[in-house]
Amino acid sequence: MREPVAGVGRRLIHINTSDRGGGVAEILDNVTRHDEFRGHPTGWMVIDASDEFFAVTKGLHHLFHGREDPSLLEDGAKEYRDVLEDVSVLIESEIRQDDILVLHDPQTLGLASWAAQRGNPVYWHCHIGTLRSSVEVREALWNFFAHDLRAVDAVLVTEPGFLQGAQISRVLVVHPAIDPDAPKNVRIDAADVAAHLETIGTNSMTGAVGTAGRVWQDAPVPDHAPVVLQVSRWDPLKGIRDVLRVVEHLDPRVHVVVAGPDPAEVLDDPEGVDQLDEALQQLHELPAPIRSRVHLIALSAQDRDLNALHVNALQRRADVVVQRSVEEGFGLTITEAMFKGKPVVATRTGGIPRQIKDRVNGLLVEPGDDEAFIVAVNELVADEGLRAELGAAAESSVRRGYLIDRLVRNYDMLRK
Ligand code: UDP
């Protein structure tokens, strides 16, 4: 556990299943650092579990996005409940009677009844979901979690529509946020950007394993080439396949960079390794001239701050940032790019339209619509003025609504 500082007020303990590689880890890292600085007692506990448990919770993740067969709930129920019972025994002595617990995502929601029985206030923060799932999937999910949801004091959610059909007494809408001063977002100059890209290897090497991670490319990214970037976990819902499929139709000067966390390090996402392999396969099947303009990167997060600086540098180097998610809870990678004044082309799905208003501070296209995506990216690549206009609007909308101070205040409300 990242121990809460001794400070004023009750301890707030966040519980999730990964300390790196995804949006929840990003948020909790920033919130706990911020609260430490402010002297507010906030802890972060990352629970460790079996591969079988994470296979079940990855299935839940897909179900929350309206995919997969609900029968996996029956098959996985015993593993899910048994592991969380073991976890509750393990962490029992670390949780104080007056601690306030915040459980993140479905992986930890099953701890709610245990927490409530101990008398702790307990909240569930739901970061994922879809506005499009079938009644059958929704009913199966909410039945599976019915007694957990009865145990929580309230549910915090990015997009209230994600909870459609659930029996919940209190819902608080809480949007994610980024820390402008953290290594992920802090301003770095062009020389530092170039130095980080040198370390990653995109500018110099032809496929390498370095301290920053692993890079697959036939040739380096030329200094002045327009770069189109997607940063995401290696997950079928992120639309990486969709990005790679259309490279040959993008402006021929464009280099496409797809970067994600090294899946071997993201233990609660067992699909990552196969998904990266699929992306590599797709890369290798591209005709050589197209392939030479594609760069895949698996970034190591062994050193968290360095990893964040590498993502920062990639985002700052990009001319256009894309997020072709099939489903997306919110998309912090979008917020990060917008904050850096980048024009973003993203899909109209899940929480993304909360951040992007089409042609105001970015461009929206329908998930899976290749033609619209190609037109949008090519338009931005060709039009520097439009890039600057949308990028400036993007930055100011993040400054208005999605900075960390607001999120820590949202969590502070739970202490009252
Ligand atoms: N990220 C990171 N290191 C990496 C790749 C991604 O820290 O090597 C971060 C990224 O900057 C963002 C988060 O992982 O903060 C992904 O959050 P998002 O909400 O976009 O997607 P999620 O993975 O939670 O579905």
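Residues numbered from 1 in each chain as written. Predicted model: local features only at pLDDT ≥ 70, side-chain atom pairs only at ≥ 80, totals over all residues. Heavy atoms only, no water.

1. Observations concerning the site of the ligand
As a matter of local geometry, the ligand sits amid 18 residues, with G23, R233, K238, N307 and E336 nearest to it. Within the contact set of the ligand, an oxygen atom lies 2.7 Å away from a backbone nitrogen or oxygen of G23. At 2.9 Å from an oxygen atom of the ligand is found a main-chain nitrogen or oxygen belonging to L332. Out of a free accessible area of 540 Å², the ligand has 90% covered by protein chains. Elements with a contribution of two residues or more to the shell around the ligand: α1 (23-38), β10 (255-261), α12 (304-317) and α13 (332-339). Residue contributions to the shell around the ligand peak at three residues, all from α13. Of the residues assigned to the shell around the ligand, the class counts are five nonpolar, seven polar and six charged. (Near = heavy atom within 4 Å. Polar contact = N/O pair within 3.5 Å; in protein donor to acceptor, adjacent residues only side chain to side chain. Areas by Shrake-Rupley, 256 points an atom, 1.4 Å probe, with all protein chains shown as cover. Helix = DSSP H or I, 4+ residues; strand = E, 2+ residues; numbered from the N terminus. Nonpolar A, V, L, I, M, F, W, Y, C, P; charged D, E, K, R; others polar.)

2. A word on the packing of aromatic side chains
Inspection of every chain in the model, using the stated rule, returns nine aromatic pairs. Relative to F145, the ring of F144 lies with its centre 4.9 Å away and its plane at 90 degrees, an arrangement referred to as edge-to-face. Of the two residues, F144 and F145, neither departs from the other in class, the shared state being buried. Ring pairing ties together the aromatic residues F53, F54, F64, Y80, W124, W142, F144 and F145, which thus form one cluster. One cation-aromatic arrangement involves R81 over F144; the distance from NZ or CZ to the ring centre is 5.0 Å. Over the face of the ring belonging to F373 we find R324, whose NZ or CZ atom lies 4.4 Å from the ring centre. (Phe/Tyr/Trp six-rings, centres within 6.5 Å; stacked < 30°, edge-to-face > 60°. Buried < 20%, exposed > 50% of the residue type's maximum accessible area, 1.4 Å probe, protein only. Lys NZ or Arg CZ within 6 Å of the ring centre and 35° of its normal.)

3. Considerations on unusual backbone geometry
A positive phi angle is found at D105, which is not glycine, with a value near 65 degrees. In this fold, D105 is placed in helix α4 (residues 105-109). For R359, which is not a glycine, the phi torsion comes out positive at approximately 70 degrees. Secondary-structure assignment places R359 in the loop between α14 (352-355) and β14 (363-365). We classify R359 as partly exposed; its relative accessible area is 47%.

4. Here we look at the environment of L332
Inspection of the secondary structure puts L332 in helix α13. Sequence spacing of L332 and D319 is 13 residues, and the spatial spacing of their C-alpha atoms is 18 Å. Excluding its chain neighbours within four sequence positions, the residues that come into contact with L332 are G23, E26, I27, P176, A177 and I178. (Contact = heavy atoms within 4.5 Å.)

5. Let's talk about α12
The end-to-end C-alpha distance of α12, which contains 14 residues, comes to 20 Å, matching closely the 20 Å that a straight helix rising 1.5 Å per residue would cover. Within α12, 11 of the 14 residues are buried, which leaves the element mostly enclosed by the surrounding structure. Among all positions in α12, only N307, A308, L309, H310, V311, N312, A313, L314, Q315, R316 and R317 are buried. Summarising the contacts, the buried residues of α12 are in contact with α8 (190-200), β9 (227-231), β10, β11 (294-299) and α13. N-capping of α12 is provided by D303, with a side-chain oxygen placed 3.2 Å from the backbone N of D305. (Expected span 1.5 Å × (residues − 1).)

6. Description of the pattern of salt bridges
Under the defined criterion, the tally for this structure stands at 36 salt bridges. Across the pair R11 and D99 runs a salt bridge, and its minimum N-O distance is 2.8 Å. Note that R11 is positioned in the segment before β1 (12-16) and D99 in the loop between α3 (71-91) and β3 (100-104), a separation of 88 residues in sequence. Judged by its relative accessible area of 9%, R11 falls in the buried class. With a shortest N-O distance of 3.7 Å, R304 and D29 are connected by a salt bridge. (Salt bridge = Lys/Arg side-chain N within 4 Å of Asp/Glu carboxyl O.)

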